[in-house]
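Summary of structural features
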Amino acid sequence: MTEQYLKQHFGISDETLSLSKAAEEELSQQFAAAAQIAEYNQLKILRAFQDHRVSYAHFAETSGYGYDDLGRDALDKIYAQVFGSEDAYVRVNIISGTQAIALCLFGVLRPGDTLLSVCGKPYDTLSEVIDCNGAGVGSLADFGVKYKQVDLIEEDGQTLVNHNDITSTILGDSSIKAVLIQRSKGYEWRKSMDIDEIERIIKTVKSANPNIICIVDNCYGEFTETREPTEVGADLVVGSLIKNPGGSIAPTGGYIAGAAKYVELAAHRHTAPGLGAHVGASLGFNKQLYQGLFMAPHIVLQSMKTALLCSKVFEKLGYDVCPTPTEKRTDIIQAIKFGDKDKLIHFCRAIQYSAPIDSFVTPEPWGMPGYDCEVIMAAGAFVQGASIELSADAPIKPPYTAFMQGGITYESAKVGILKAAEAVGKI
């Protein structure tokens, strides 16, 4: 009955349906492993809700300064417990992961300090914060903060962290105060940094200088493994609520978790010195932030299954995929290398046409602010720009690689994968 509906109402061919069925059968072990991770993280969050005695009173609205916001303050404590950290700062008026990272960087760094990126150049929008591109206004460089990076290295066909260069760079520069670790691959063709590798990086950094602050950009990675970076030594971990931890319910927002003294510095940067986390009205959004966090492990599981199916289907179609269906996953991003501009664009358009929102819209490449080339983005989401919902984007440049993420229900996201397979097959 389902297959007949897919054929009749979505135009999926028998050939593509057979391909999908075979892919799902071959992925049974990977689906089961992802479900076990989701169950563990769900129990972790349930325990935190119970430990902090969450009640309906925590959903009450505050306005103005937001003093004594019971729900806001308890949510900070719940995030700290879930992330295994001393403290956390969760706010609906943090507009993006980039802003949350910027709050940390501007919070802990001072003129004359150096920030070291150990995973190569950060993704484009964060590069503007640092001023890697020489834009200037309001960047860290504009405030006298210096920047260095250790590039990744190629070895035996793999892209790896250069631990030796990290050590020598730190030992050779006493001004390095903070290290930035980017968990996700961004627009790079490589594996993202799993928790084991993040732990190794932190140990390398701390061995060279135990006083360096390790900051992890955790975007796209929350609840894809059973540990978070703060549980393996990260001083600060940062992310967006319209990605994994918002569970597709949070309307906006971001979080910062880690050592209390550094979380406090970021909070003071966000509000004002002397105010920090004590102010900031929740404006009635607490319920959505709580419910989003509670739903997050299940929603992340839907996204992981979607990414696995995409990887398997397009591998079967002969395309290079990263990660492959059998490789360990540490975020919800799936990359597919098309080597052809038209196929890339048709893939993204098929994802858009399969969305519940704006399915009638045709994405076009455009010069998006913060990027060095045209970018195409497909995102028919309930929350604008929510990467936990099925979406795909790509820089329009060789080798024409699409980066797909999200899927709040596997059943609907599967339609996007099948229509995308049909679309590229017709070119």
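Here, the structure is the one placed above.
Below, the structure is looked at part by part. One numbering rule holds for all chains: residues counted from 1, following each sequence as written. Two thresholds apply to this predicted model, a pLDDT of at least 70 for residue-level local features and 80 or more for giving and counting side-chain atom pairs, whereas whole-chain, interface and lining totals are computed over all residues. Excluded from the side-chain calculation are hydrogens and water; included are all heavy atoms of the structure.

1. A few points about the packing of aromatic side chains
Each pair of aromatic rings taken from Phe, Tyr and Trp, with Trp reduced to its six-membered ring, is defined by centres within 6.5 Å and is described as stacked if the planes are under 30 degrees apart, edge-to-face if over 60, and tilted in the remaining cases. By the definition in use, this model includes 18 aromatic pairs. Consider the rings of Tyr5 and Phe10, whose centres lie 6.4 Å apart with planes at 50°: the pair is tilted. For Tyr5, a relative accessible area of 49% corresponds to the partly exposed category. Taken together, Phe49, Tyr56, Phe59, Tyr290 and Phe294 form an aromatic cluster joined through their ring pairs. Over the face of the ring belonging to Phe31 we find Lys305, whose NZ or CZ atom lies 5.1 Å from the ring centre. Positioned above the aromatic ring of Tyr410, the side-chain terminus of Lys305 is 4.6 Å from the ring centre. With a 1.4 Å probe rolled over the protein chains alone, any residue whose accessible area is under 20% of its type maximum counts as buried; one over 50% counts as exposed, and the rest are partly exposed. Whether a charge sits over a ring depends on NZ of Lys or CZ of Arg being within 6 Å of the ring centre and within 35 degrees of the ring normal.

2. Some thoughts on unusual backbone geometry
Going from Cys322 to Pro323, the amide bond is cis rather than trans, its omega being -5°. Put simply, DSSP marks the helices as runs of H or I at least four residues long and the strands as runs of E at least two long, and each gets a number from the N terminus on. As for its position among the elements, Pro323 is in the loop between β10 (320–322) and β11 (334–337). The omega torsion of the bond from Pro398 to Pro399 falls at 5°, within 30 degrees of zero and hence cis. Structurally, Pro399 can be placed in the loop between β13 (391–395) and β14 (401–405). For Asp68, which is not glycine, the phi dihedral falls at a positive 55°. Residue placement: Asp68 occurs in the loop between α3 (28–51) and α4 (70–82). The exposed category is assigned to Asp68, whose relative accessible area is 72%. Positive phi is not limited to glycine here, since Asp358 has a value of about 60°.

3. Here we look at the side chain of Thr16
For Thr16, the location among the structural elements is in helix α2 (residues 14–26). By definition in these notes, contact holds between two residues if any of their heavy atoms fall within 4.5 Å. Discounting residues that sit within four places of it in the chain, Thr16 has contacts with Leu418, Ala421 and Glu422.

4. Let's talk about empty space enclosed by the protein
Buried and open spaces are told apart on a 1 Å grid over the protein atoms alone, a cavity being a set of points where a 1.4 Å probe fits but cannot get out and a pocket being an open set with protein on both sides within 12 Å along at least five of seven lines. Residues with an atom within 4 Å of a point are the lining residues. Grid points are joined across faces, edges and corners, and a volume is the space filled by probe spheres set on the points. Here the structure, examined in full by the defined rule, presents two cavities of 30 Å³ or more. Approximately 90 Å³ is the volume found for the largest cavity. Lining the largest cavity, in full, are Arg72, Leu75, Val90, Arg91, Val92, Asn93, Gly280, Ala281, Ser282, Phe285, Asn286 and Leu289. If you list the elements that add at least two residues to the lining of the largest cavity, you get α4, β1 (87–91) and α10 (286–316). Each residue gets one of three labels, nonpolar for Ala, Val, Leu, Ile, Met, Phe, Trp, Tyr, Cys and Pro, charged for Asp, Glu, Lys and Arg, and polar for the others, Gly among them. A per-class count over the lining of the largest cavity returns six nonpolar, four polar and two charged. Only α3 and α10 provide two or more residues apiece to the lining of the second largest cavity. Examining the composition of the lining of the second largest cavity, we find that four residues originate from one element, α10, more than from any other. The residue makeup of the lining of the second largest cavity, split by class, is eight nonpolar, one polar and no charged.

5. Overview of the pairing of β11
By the bridge criterion, three bridges tie β10 to β11 in an arrangement that is antiparallel. Each bridged residue has a counterpart across the sheet, and for Val321 the counterpart in β11 is Ile336. Whether two strands pair depends on DSSP finding at least two bridges between them. Pairing of β11 with β14 involves four bridges; the strand directions are antiparallel. Its bridge partner lying in β14, Ala335 is registered against Phe403.

Note that all results are geometric; they support no functional claim without further evidence.
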